[in-house]
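# Inside the fold
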Amino acid sequence: MPSIKLVSLMVLASLATGQAWSQTALMKQAQGLFKPIPANAPPLAGNAATPAKVELGKMLYFEPRLSESHAISCNSCHMVGMGGVDLQETSLGHRWQHGGRNAPTVYNAVFDVAQFWDGRAKDLEQQAGGPLVNPVEMDTTEAHVVEQLKGIPGYAAVFAKAYPAVPDPITFDNVRKAIALFEATLTTPNAPFDRYLKGDEKALDANQQEGLALFINKGCAACHNGINVGGGMYAPFGVVERPGADILPPGDKGRFAVTKTVSDEYVFRVPSLRNIALTAPYFHTGKVWDLRQAVAIMGSSQLGAKLSDEEVGKIEVFLGALTGDQPKVALPILPPSVATTPRPKP
Ligand code: HEC
Ligand code: HEC
């Protein structure tokens, strides 16, 4: 008969191999559901990148004179250096007006199937035109954007460099295209989860791996999957149980406004969970500031599952492993206004 010591050693050994096997199985399962963020900016269809175009796009992203008040730029609501968001429930726009929805991050937006909470813009290029002319955001017009940029003499050379051989390169279309190219560079590779997906088991600690297993097995990954751990499909907010009106007020019917199809009432694009620990408050209403509460709400509203505090905690630490390298952006130097430049209308 083997000694007690030997038996316990054998048990320990089999436990260890069992654990190693299930760790490998978990990694395989994860690799089938998610993809790492690539190191370089992805190409945009019909909008080839050059360094000069990306630089122009960066200038425009930080350019407050694109707004009627000359006080608001894309960066006002999607701050580089702050997760690509404004940390507001809903954003402050033109004349201190609040929009109706929380500002999603621009980071990794390039990988999403469509833009906005309701997916009403098909890509970054189409999206970039929206806020410029939105009365509660930047409140300008397409014609005024062109007039404004033509009224700042320094931009002529920057546009000419970005669009050489184009006779009149300062157009609304080129503004959108350049901004989209800059946004495509705002990706966050190399999160612990990306390193794990590439085969480094130690990139996630034991709690994070348990959180990942819960995220998959409880069903979160049925909607939040792919390269952005979300961003790939649409789903109702409240599949099983509609959250209270404090979190999901009845006024905003989401994708219904785009498709006018009854089954799209309260349907939203499943958001990416990349860098989610940096982008509170949560949901399209921005009503939830605590990531743990957001996870618990998802359990009951989307899955009909009452997650225990411990499960919520493990999923939260897994979500923390989705924070990648943040883009390092040197502030652009913008050309000065001159006497004839159109003035701000605050
Ligand atoms: C006043 C605040 C504000 C300004 C200024 C602003 N945005 Fe937004 N942005 C938002 C809000 C709010 C949403 C979500 C609106 C919705 O879904 O209906 C959004 C959505 C987006 C999205 C979609 C992200 C996603 O996950 O769907 C992108 C990309 C984006 N903005 C880029 C820009 C760019 C580029 C500019 C400058 C041209 C800009 N924004 C200016 C507040 C702002
Ligand atoms: C049936 C699809 C579906 C399932 C399953 C699902 N979600 Fe979601 N999730 C969504 C949708 C849709 C939203 C956007 C809701 C809104 O704000 O309108 C969302 C939002 C979120 C948010 C807030 C994101 C942000 O940027 O504000 C978090 C966090 C989240 N989900 C985590 C989870 C977790 C964790 C699970 C599993 C317990 C889960 N989700 C299960 C569809 C789903």
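Residues numbered from 1 in each chain as written. Chains lettered and ligands numbered in written order. Predicted model: local features only at pLDDT ≥ 70, side-chain atom pairs only at ≥ 80, totals over all residues.

Looking at an unreviewed UniProt entry, one finds the protein chain named Cytochrome c peroxidase and attributed to Rhodanobacter denitrificans. Here is the UniProt Subcellular location (unreviewed entry) comment for the protein chain, exactly as written: "Periplasm". (UniProt positions renumbered as here; feature names shortened; annotations may be inferred.)

In the UniProt entry, the feature "binding site: heme c 2" (unreviewed entry) is given for C220, C223, H224 and M298. The largest pairwise C-alpha distance within this set of annotated residues, which runs over 79 residues, is 11.3 Å, so the set is compact in three dimensions. Summarising the element assignment, C220 is placed in the loop between α9 (206–217) and β1 (234–236). The residues touching C220, leaving out its near neighbours within four places in the chain, are F215 and M298. Relative to the assigned elements, C223 resides in the loop between α9 and β1. Under the C-beta neighbour-count criterion, C223 is labelled partly exposed, with 18 such atoms within 10 Å. (Helix = DSSP H or I, 4+ residues; strand = E, 2+ residues; numbered from the N terminus. Contact = placed C-beta atoms within 7 Å. Buried ≥ 20, exposed ≤ 12 C-beta atoms within 10 Å, placed from the backbone.)

A few words now on the environment of S300. Here S300 shows up in helix α11 (residues 291–303). S300 gets classed as partly exposed once you count the C-beta atoms within 10 Å, which come to 15. As for S300 and R242, which are separated by 58 residues in sequence, their C-alpha atoms are 8.8 Å apart.

On to the packing of helix α4 (residues 124–133) against helix α7 (residues 172–184). Where α4 contacts α7, the two axes come as close as 8 Å, and the packing angle between them is 115 degrees. What the angle tells us is that α4 and α7 run roughly perpendicular. Note that α4 runs across α7; the crossing there is right-handed. Residues L124, E125, A128 and G129 of α4 lie in contact with α7, whose contacting residues are F172, R176, K177, I179, A180, E183 and A184. (Axes fitted to C-alpha atoms, helices over the stretch in contact; angles between N-to-C directions. Parallel < 35°, antiparallel > 145°, perpendicular 65-115°, else oblique. Left-handed = near helix turned anticlockwise from the far one by under 90°.)

Let us now look at the domain arrangement of the protein chain. As far as domains go, the protein chain holds domain 1 (51–184) and domain 2 (190–320). The distance between the C-alpha centroids of domain 1 and domain 2 comes to 27 Å. At the interface, 21 residues of domain 1 touch 26 residues of domain 2. Here the residues of the side of domain 1 that touches domain 2 are counted per class, giving eight nonpolar, eight polar and five charged. (Domains from an automatic or database assignment. Nonpolar A, V, L, I, M, F, W, Y, C, P; charged D, E, K, R; others polar.)

This part takes up the environment of D168. Relative to the helices and strands, D168 resides in the loop between α6 (155–162) and α7. Note on D168: 10 C-beta atoms within 10 Å, which makes it exposed. A sequence separation of 12 residues divides D168 from A156, and the C-alpha atoms of the two residues are 9.3 Å apart.

This part covers the site of ligand 1. Neighbouring residues of ligand 1: 26 residues in total, closest C74, C77, G93, P104 and P131. Put simply, the parts of the chain that give the shell around ligand 1 at least two residues each are α3 (74–77), α4 and α7. Among the elements that make up the shell around ligand 1, the one with the highest residue count is α4 (five residues). Residue classes in the shell around ligand 1 are distributed as 15 nonpolar, seven polar and four charged. (Near = placed C-beta within 6 Å.)

Our focus in this paragraph is α7. The end-to-end C-alpha distance of α7 is 19 Å, a good match for the 18 Å that 13 residues give at a rise of 1.5 Å each. Within α7, 11 of the 13 residues are buried, which leaves it mostly tucked inside the rest of the structure. Those residues of α7 lying buried are N174, V175, R176, K177, A178, I179, A180, L181, F182, E183 and A184. Close packing links the buried residues of α7 with α2 (51–61), α4, α5 (142–150) and α6. (Expected span 1.5 Å × (residues − 1).)

What follows deals with unusual backbone geometry. For residues other than glycine, phi is negative in most cases, and the peptide bonds are mostly trans. With omega at -10 degrees, the peptide bond leading from A280 into P281 counts as cis. Of note, P281 is situated in the loop between β2 (267–269) and α11. Positioned with a positive phi, L87 is a non-glycine residue whose angle comes to about 55 degrees. Of note in this structure, V229 is not a glycine but carries a positive phi near 50 degrees. Following the sequence through the fold, V229 ends up in the loop between α9 and β1.

A few words now on the packing of α2 against α7. At a minimum axis distance of 7 Å, the contact between α2 and α7 shows a crossing angle of 100 degrees. Accordingly, the angle class assigned to the pair α2 and α7 is roughly perpendicular. Counting all contacts with α2, which are made through K53, V54, L56, G57, K58, L60 and Y61, the residues of α7 involved are V175, A178, I179, L181 and F182. Each residue belonging to the contact of α2 with α7 can be placed in one class, and the counts come to nine nonpolar, one polar and two charged.

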